[in-house]
Amino acid sequence: MIAVIAKLTAKDGYANQLEEVLKDSADKVLAGEPGCLLYRVTRSQTEIGVFKLMEIYESQSALDAHPNTPHFNEIRTALAPLLGAAPEVEYLDALN
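The rules behind the values
- Residues numbered from 1 in each chain as written.
- Predicted model: local features only at pLDDT ≥ 70, side-chain atom pairs only at ≥ 80, totals over all residues.
- Heavy atoms only, no water.
- Core = buried A, V, L, I, M, F, W, Y, C linked by side-chain atoms within 4.5 Å.
- Buried < 20%, exposed > 50% of the residue type's maximum accessible area, 1.4 Å probe, protein only.
- Helix = DSSP H or I, 4+ residues; strand = E, 2+ residues; numbered from the N terminus.
- Contact = heavy atoms within 4.5 Å.
- Salt bridge = Lys/Arg side-chain N within 4 Å of Asp/Glu carboxyl O.
- Axes fitted to C-alpha atoms, helices over the stretch in contact; angles between N-to-C directions.
- Parallel < 35°, antiparallel > 145°, perpendicular 65-115°, else oblique.
- Nonpolar A, V, L, I, M, F, W, Y, C, P; charged D, E, K, R; others polar.
- Pairing = 2+ DSSP bridges.

1. Notes on the nonpolar core
In this structure, Leu 8, Leu 18, Leu 22, Tyr 39, Leu 53, Tyr 57 and Leu 79 are the most contacted members of the largest nonpolar core, which totals 22 residues. Mapped by element, the contributors of at least two residues to this core are strand E1 (2-9), helix H1 (15-32), strand E2 (36-43), strand E3 (50-57), helix H2 (60-65) and helix H3 (70-79). Among the elements that line this core, the one with the most residues is H1, at 6 residues. Apart from residues lying up to four places away in sequence, Leu 22 is in contact with Leu 8, Val 41, Phe 51, Leu 53 and Leu 79.

And the structure:
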């Protein structure tokens, strides 16, 4: 299994809009990607406007398919005007 932690930072004043887009995105990913086992949206308690996505995919091929889905392009378009920085993404081996 492959785990992903993605950090997204909202532009000043756009955190609530970013939160709504991310929650909607999670529903689309989970409904449209059977290889995605977890897609959790979290909001930092210590950093204003910072969200972290916790994702787990059953295989490398499931992860590779993620950015090629129709909803991914829709999500990317919706996120672009709300982000104050480029997303930071870390890939990990899920051990359990």
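2. Re the pattern of salt bridges
For the structure shown, the criterion picks out 6 salt bridges. The residue Arg 43 makes a salt bridge to Glu 19 at a minimum N-O spacing of 2.4 Å. With Arg 43 in strand E2 and Glu 19 in helix H1, the pair connects residues that are 24 residues apart, well separated along the chain. By relative accessible area, Arg 43 is classed as partly exposed at 37%.

3. Concerning the environment of Lys 52
Within the element layout of this structure, Lys 52 appears in strand E3. Take Lys 52: its relative accessible area is 35%, and that puts it in the partly exposed class. Along the primary structure Lys 52 and Leu 79 are separated by 27 residues, whereas in three dimensions their C-alpha atoms are 14 Å apart. Contact partners of Lys 52, with chain neighbours within four places excluded, come to Ala 6, Lys 7, Arg 40, Val 41 and Thr 42.

4. Topic: the packing of H1 against H3
Packing of H1 against H3 leaves a shortest axis separation of 10 Å and a crossing angle of 175 degrees. Accordingly, the angle class assigned to the pair H1 and H3 is roughly antiparallel. Note on element contacts: H3 touches H1 through His 71, Glu 74, Ile 75, Ala 78 and Leu 79, opposite Leu 18, Val 21, Leu 22, Ser 25, Lys 28, Val 29 and Gly 32. Here the contact of H1 with H3 is built from residues that sort into 7 nonpolar, 3 polar and 2 charged.

5. What to know about the pairing of E2
Of the pairings in the sheet, the one linking E2 to E3 comprises 7 bridges and is antiparallel in character. Note on E3: the bridge partner recorded for Thr 42 is Lys 52. Between E2 and E3, which pair antiparallel in sequence order, lie 6 residues; one of them, Gly 49, sits at a positive phi of approximately 75 degrees.

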